[in-house]
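# Results of the structural survey
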Amino acid sequence: MWESLLPDEPIPFAPDFVWGVASSAFQAEGGDVPNDWVDQARRGEVPPNPGNGFFERYAEDFRLLAQLGFRHYRLSVEWSRVEPERGRFDPKALDHYRSVCDAANEAGLTPWVNLFHFTHPRWLVARGGLLAASGQGDFLRYAEHTVSALAPHATHWHSQNESMVYVLLGYLTGEFPPEIADGDAAAAMTETVARLHAGTYGIVKAADSRNTVATIEVYIDYHAEDPDDPENVEGVASLDRWYNATLLEGLGSGVLPLPGRDPVEIPGLQGALDVYGLNYYNATRVGPSGIGHWSDQPDPPIDAMGRAVHPAGLEQGLLRVADALPGVPLLVTENGCPTTDEDFRIRYIAAHLWALERARRAGAPVGGWFHWTAVDNYEWKHGYSDARFGLIGFDPTTGERTPRRAAEFLRRVISDGELRPEHLP
Ligand code: BGC
């Protein structure tokens, strides 16, 4: 099961290796905010989200993470808190996020602030979302307000989380709001997310040219179920072109190749990043039996969401980005697993840090890793279930935090400056 995936030699980490933890606003804060996930929960379509207490306990969480050795924290801003009605910005919400950034800095964690992580304000949905004629302008006005309110309390920024997953789930398969399943809309949205990224990059750099902008894109490691079937192989290649290659190409050349459409030049997209952030969880199989999870092992470890563990996909994704965007520094901006078994979590982490190290040795300039996530949170349609991604558990009644064994394992790796195989379960 795990043997071939785990390191058999110590993995060294440079003293400036970026050790971080990633989270998102709605998943951690929850609450009765005017967004589309709250509306869906009211209709009984998704589980409700009371939050994990981060909204009140952020300073305590940061101190705990700093004690574990982390020095970076990725958070997001909930658009519907900051702009609850179109054009009306709530100064209290902006003050709150400023305090969150200050508390992170005080604890010794650099905040990396993401402006968009899957949730839409209710008013935006009513106007037709980001694809409406006013959608891009609405987003950029919100970005402008938020960046000017939080800079220089925050100097590290992301325009969006996994824009291509947002396109895939929200516009092609319709699994996530706005629940559209239409190839044309997905192509239009691909162009839109690229324009929003380029626009946000300009806003962050105009605030201070020394600010850092990092993308956050998941690497989807696609495999054909039947490698002897040319149709299956071509289907997989076209998914891969769309979801993995389109933005990479756009960031490199400024021209976005869109499926079934003429390539579009996006002003400001070329080179609109200081760091490429790559998220990775698992590999995907596509074929006659549909879409599923993939591994090259006969008996791979399976996580609490039924996904096979395949760390080689992380190595491959990092090498691919390094090849497409030479000279751009890389970070793993999310990696972790849903489980209630701490041996599993520790092994998953070690296997992926080993894959990261192999990519680094093969030339990918990867300088850090963010664990998803700090405290267990709302895993979208899974709600609060066994899909627990946290290094830290919490008591739903008292909110009390309890670091898990994987947190202690990472504390040791960070303080030793290396991961030692003999410390693995
Ligand atoms: C998303 C998170 C999610 C995580 C685990 C990522 O793709 O950015 O919001 O919780 O995966 O499924």
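Residues numbered from 1 in each chain as written. Predicted model: local features only at pLDDT ≥ 70, side-chain atom pairs only at ≥ 80, totals over all residues. Heavy atoms only, no water.

## Quick notes on the layout of surface pockets
Of the volumes computed, that of the largest pocket is approximately 1000 Å³. Within the residue set of the lining of the largest pocket, elements represented by two or more residues are α8 (163-172) and β12 (290-294). Each residue belonging to the lining of the largest pocket can be placed in one class, and the counts come to 17 nonpolar, nine polar and six charged. In this structure, the second largest pocket occupies an estimated 160 Å³ of space. Surrounding the second largest pocket, Asp376, Asn377, Gly383, Tyr384, Ser385, Ala387, Arg388, Gly393, Phe394, Pro396 and Arg404 form its lining. Residue composition of the lining of the second largest pocket, by class: four nonpolar, four polar and three charged. (1 Å grid on protein atoms, 1.4 Å probe; cavity = no way out; pocket = protein on both sides within 12 Å on 5 of 7 lines; lining within 4 Å. Points joined across faces, edges and corners; volume = space filled by probe spheres on them. Helix = DSSP H or I, 4+ residues; strand = E, 2+ residues; numbered from the N terminus. Nonpolar A, V, L, I, M, F, W, Y, C, P; charged D, E, K, R; others polar.)

## Quick word on the packing of aromatic side chains
Evaluated as defined, the whole model comprises 32 aromatic pairs. Relative to Phe370, the ring of Trp112 lies with its centre 5.6 Å away and its plane at 80 degrees, an arrangement referred to as edge-to-face. Of the two residues, Trp112 sits in strand β4 (residues 110-114) while Phe370 sits in strand β14 (residues 366-372), which places them 258 residues apart along the sequence. As far as burial versus exposure is concerned, Trp112 and Phe370 are alike and both buried. Three or more aromatic residues link up through ring pairs in this structure, and these residues are Phe26, Trp37, Phe118, Phe176, Tyr378, Trp380, Tyr384 and Phe394. (Phe/Tyr/Trp six-rings, centres within 6.5 Å; stacked < 30°, edge-to-face > 60°. Buried < 20%, exposed > 50% of the residue type's maximum accessible area, 1.4 Å probe, protein only.)

## What about the nonpolar core?
In terms of nonpolar packing, the biggest core is built from 145 residues, with Trp19, Phe62, Phe70, Tyr276 and Leu318 touching the most fellow members. At 11 residues, the largest contribution of residues to this core is made by helix α12 (residues 342-361). When neighbours within four sequence positions are excluded, Tyr276 is seen to be in contact with Thr215, Glu217, Leu248, Leu251, Val321, Leu325, Val328, Pro329, Leu330 and Leu331. (Core = buried A, V, L, I, M, F, W, Y, C linked by side-chain atoms within 4.5 Å. Contact = heavy atoms within 4.5 Å.)

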